[in-house]
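# Descriptive structure summary
The residues making up each chain are set out below.
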Amino acid sequence: MTTTNWPANVNSDFFAYTKTPKDDTVETEFMGGRKVVFSKNTRRLHEISASISLDLPSGEHGRFWNWFDAMGGKAGIFQCPSLGSSYYRFMDIPSEDGTSMKSRTLTLSIEEVY
């Protein structure tokens, strides 16, 4: 598997950042009513929701999308020091919002993969 790094020439100052632990358990209920719950993994992984503002005139917005497409979109694995030392992947294609001709705000859904 190939991993990439967050592009050096693209803003990594995330805002509206939320980090939530993923449910890492398996629950089994027996016919007698007894429930057994155990962890699937030894390491707790997280889901991250964040936004980022990208500049249009400098080409930063285009560089992000070129990087996103080159790494395989949602199938790509990447590292980003601003998020932490883990490996990540996009859960959804980033949604874009912008009322200005100078910048776009991308909303990102990211999950920690290992």
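Above this text you will find the structure in question.
Residues numbered from 1 in each chain as written. Predicted model: local features only at pLDDT ≥ 70, side-chain atom pairs only at ≥ 80, totals over all residues. Heavy atoms only, no water.

### Comments concerning the overall build of the protein chain
A tally of regular secondary structure across the protein chain gives one helix and nine strands. Ordered by position from N to C terminus, the α and β elements of the protein chain give β-β-β-β-β-α-β-β-β-β. Taken over C-alpha atoms, the radius of gyration comes to 18 Å for the protein chain, far larger than the 13 Å a tight globule of 114 residues would show. Taking the principal axes of its C-alpha atoms as reference, the protein chain extends roughly 65 × 30 × 20 Å. The proportion of buried residues among the 114 residues of the protein chain is 32%. Restricting to contacts in the protein chain with at least 6 residues of sequence separation, those with at least 24 account for 63%. A total of about 7,100 Å² of accessible surface is found on the protein chain, and carbon and sulfur atoms cover 50% of it. (Helix = DSSP H or I, 4+ residues; strand = E, 2+ residues; numbered from the N terminus. Rg over C-alpha atoms; globule rule 2.2 N^0.38 Å. Buried < 20%, exposed > 50% of the residue type's maximum accessible area, 1.4 Å probe, protein only. Contact = heavy atoms within 4.5 Å. Areas by Shrake-Rupley, 256 points an atom, 1.4 Å probe, with all protein chains shown as cover.)

### Some remarks on the side chain of glutamate 112
Looking at where glutamate 112 falls in the secondary structure, it is placed in strand S9 (residues 103-112). The class for glutamate 112 is buried, based on a relative accessible area of 6%. Among the polar contacts made by the side chain of glutamate 112, one reaches the side chain of serine 86 at a distance of 2.5 Å. For glutamate 112, the contacting residues outside a window of four places in its chain are Lys22, Arg43, Arg44, Leu45, His46, Ser86, Tyr87 and Tyr88. (Polar contact = N/O pair within 3.5 Å; in protein donor to acceptor, adjacent residues only side chain to side chain.)

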